[in-house]
Amino acid sequence: QVQLVESGGGLVQAGASLRLSCLASTGTFSVYAVGWFRQTPGREREFLAAIDWTGAQSVKGRATISRDNAKNTVYLHMNSLKPEDTAVYYCAAGPQRSWYEDEYDYWGQGTQVTVSS
């Protein structure tokens, strides 16, 4: 079982940058692929970025992703934030890097990001 905890959300101004963290409870975190998604009310989760155990990445738009296996942590970076980036941001872990949420076995509770104009 892998427990994931996101942090770094909050209220930010438009144009700012953000770094979200995803901390895993397991010592074998380095073997997992980790993805970041976001969701707004009434909409499906949207893929943002993913990174696998080799460091290979898939990213969308302004997102970048990195991982520090020594700290059991994966980071999501976003710059030039806009009000439409307001959402709950989730990280997820699974066996392979994927754009699809069904490919991930473990999810965090999410962290709210609100971008003010």
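As shown above, the structure is provided for reference.
All figures in this text were calculated on a predicted structure; none of them were measured in a lab.

**Q** Is there a simple way to think about the packing of aromatic side chains in this case?
**A** Within a pair of aromatic rings, the relevant descriptors are the distance that separates the centres and the angle that separates the planes. The final tally for this structure, using the stated rule, is 7 aromatic pairs. Their ring planes at 80° and their centres at 6.1 Å tell us that Tyr 32 and Tyr 106 sit as a pair that is edge-to-face. In this pair, Tyr 32 sits in the loop between strand E3 (18–24) and strand E4 (33–39) while Tyr 106 sits in strand E10 (residues 106–107), placing the two residues 74 residues apart along the sequence. Across the pair, Tyr 106 and Tyr 32 agree in class, each one buried.

**Q** Teacher, can you tell me more about unusual backbone geometry here?
**A** Apart from glycine, the bulk of residues carry a negative phi angle, and the bulk of peptide bonds sit in the trans form. Here the phi dihedral of Asn 72 falls at roughly 55°; this positive angle occurs in a residue that is not glycine. Locating Asn 72 in the fold gives a position in the loop between strand E7 (63–68) and strand E8 (73–78). With a phi angle near 50°, Ser 80 is a residue other than glycine that sits in the positive phi range. For Ser 80, the position within the fold is in the loop between E8 and strand E9 (87–94). Owing to a relative accessible area of 40%, Ser 80 belongs among the partly exposed residues under this scheme.

The rules behind these values
- Residues numbered from 1 in each chain as written.
- Predicted model: local features only at pLDDT ≥ 70, side-chain atom pairs only at ≥ 80, totals over all residues.
- Heavy atoms only, no water.
- Phe/Tyr/Trp six-rings, centres within 6.5 Å; stacked < 30°, edge-to-face > 60°.
- Helix = DSSP H or I, 4+ residues; strand = E, 2+ residues; numbered from the N terminus.
- Buried < 20%, exposed > 50% of the residue type's maximum accessible area, 1.4 Å probe, protein only.

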